[in-house]
Amino acid sequence: EQLASEAGVKYSKVEDCNNGEVQKKLAVGYIHSDIIEISPQSLGADFEPKCKTFGSEHLHEDAEVRLALAGSGYFEIRTYSDRWVRVHLQEGDLLHLPPGIYHRLQLDDKKYATIGTSENRRKNLAYFLSSSCRR
């Protein structure tokens, strides 16, 4: 409820989130869907660079959905009043992000998460802020 009023982000819990039919229903109306496993084992040498990318503050021009399918991590969202809110995503957590909301993902100490994404991006675009521009 706090996320909805402060950032326009909707949170819900999805039972049976690893069911392909459930995932298809959640992706209806979105142009692109993907699943990414973030771990040292799955990404190998790309693990640290990918974590740095996901952990950098950025926004997308279009609405998007993030569904935690396995593992856990911290999804951080900047509110309309320029305050960061941290959500500890765990299996079944679903976030609907409106266009233009700054966010980032940090893995927790387990260093493993599988995240399903659905987006309306016409182009694969994200706007990143360099560390010198962050607030």
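Before reading on, note that the structure itself is shown above.
The notes below deal with the structure included here. (Residues numbered from 1 in each chain as written. Predicted model: local features only at pLDDT ≥ 70, side-chain atom pairs only at ≥ 80, totals over all residues. Heavy atoms only, no water.)

**Topic: the overall build of the chain**
For the chain, the helix and strand inventory stands at 4 helices and 9 strands. Burial statistics for the chain: of 135 residues in total, 40% are counted as buried. Long-range contacts, defined as pairs at least 24 residues apart, comprise 78% of the intrachain contacts of the chain with a sequence gap of at least 6. Here the chain has roughly 7700 Å² of accessible surface; of this, 50% comes from carbon and sulfur atoms. (Helix = DSSP H or I, 4+ residues; strand = E, 2+ residues; numbered from the N terminus. Buried < 20%, exposed > 50% of the residue type's maximum accessible area, 1.4 Å probe, protein only. Contact = heavy atoms within 4.5 Å. Areas by Shrake-Rupley, 256 points an atom, 1.4 Å probe, with all protein chains shown as cover.)

**Examining the pattern of salt bridges**
This model, assessed by the stated rule, comprises 9 salt bridges. With a closest N to O distance of 2.3 Å, Glu6 and Arg83 form a salt bridge. One end of the pair, Glu6, is in helix α1 (residues 2–7); the other, Arg83, is in the loop between β4 (64–78) and β5 (84–90), with 77 residues separating them in the sequence. We classify Glu6 as partly exposed; its relative accessible area is 24%. When its relative accessible area of 37% is taken as the criterion, Arg83 is described as partly exposed. (Salt bridge = Lys/Arg side-chain N within 4 Å of Asp/Glu carboxyl O.)

**Quick look at the pairing of β5**
Burial of β5 is one-sided: the residues Val85, Val87 and Leu89 facing one way are buried, the residues Trp84, Arg86, His88 and Gln90 facing the other way are not. As paired strands, β4 and β5 are joined by 7 bridges and run antiparallel to one another. Paired with Ile77 across the two strands is Val85, which belongs to β5. Where β4 hands over to β5, the hairpin turn is made up of 5 residues, of which Asp82 adopts a positive phi near 70°. (Pairing = 2+ DSSP bridges.)

**Notes on the side chain of Glu64**
Its place among the elements puts Glu64 in strand β4. Owing to a relative accessible area of 2%, Glu64 belongs among the buried residues under this scheme. At 2.4 Å, the side chain of Glu64 and the side chain of Arg66 are in polar contact. (Polar contact = N/O pair within 3.5 Å; in protein donor to acceptor, adjacent residues only side chain to side chain.)

**A look at the pairing of strand β8 (residues 113–119)**
Most of β8 sits out of view: 7 of its 7 residues are buried. With 7 bridges connecting them, strand β2 (residues 32–38) and β8 associate as antiparallel partners. If you follow Glu37 over to β8, its bridge partner there is Thr114. Pairing of β4 with β8, which is carried by 7 bridges, proceeds in the antiparallel orientation. For Gly71, the partnering residue across the bridge sits in β8 and is Ala113.

**Considerations on the nonpolar core**
With 20 residues, the main nonpolar core has Val9, Ile38, Ile77 and Leu95 as its most contacted residues. For this core, the secondary structure elements donating two or more residues are α1, α4 (47–55), β4, β5, β6 (93–97), β7 (103–107) and β8. If sequence neighbours within four positions are ignored, Ile38 has contacts with Leu43, Phe47, Cys51, Phe54, Leu105, Leu107, Lys111, Tyr112, Ala113 and Ile115. By size, the runner-up hydrophobic cluster in this structure holds 6 residues, among which are Val14, Val65, Leu69 and Leu94. (Core = buried A, V, L, I, M, F, W, Y, C linked by side-chain atoms within 4.5 Å.)

**Observations regarding the packing of aromatic side chains**
Counting across every chain of the model gives 0 aromatic pairs. Over the ring of Tyr102 we find Arg78; its NZ or CZ atom is 4.4 Å from the centre of that ring. Between Arg104 and the ring centre of Trp84, over which it is positioned, the NZ or CZ distance is 3.8 Å. (Phe/Tyr/Trp six-rings, centres within 6.5 Å; stacked < 30°, edge-to-face > 60°. Lys NZ or Arg CZ within 6 Å of the ring centre and 35° of its normal.)

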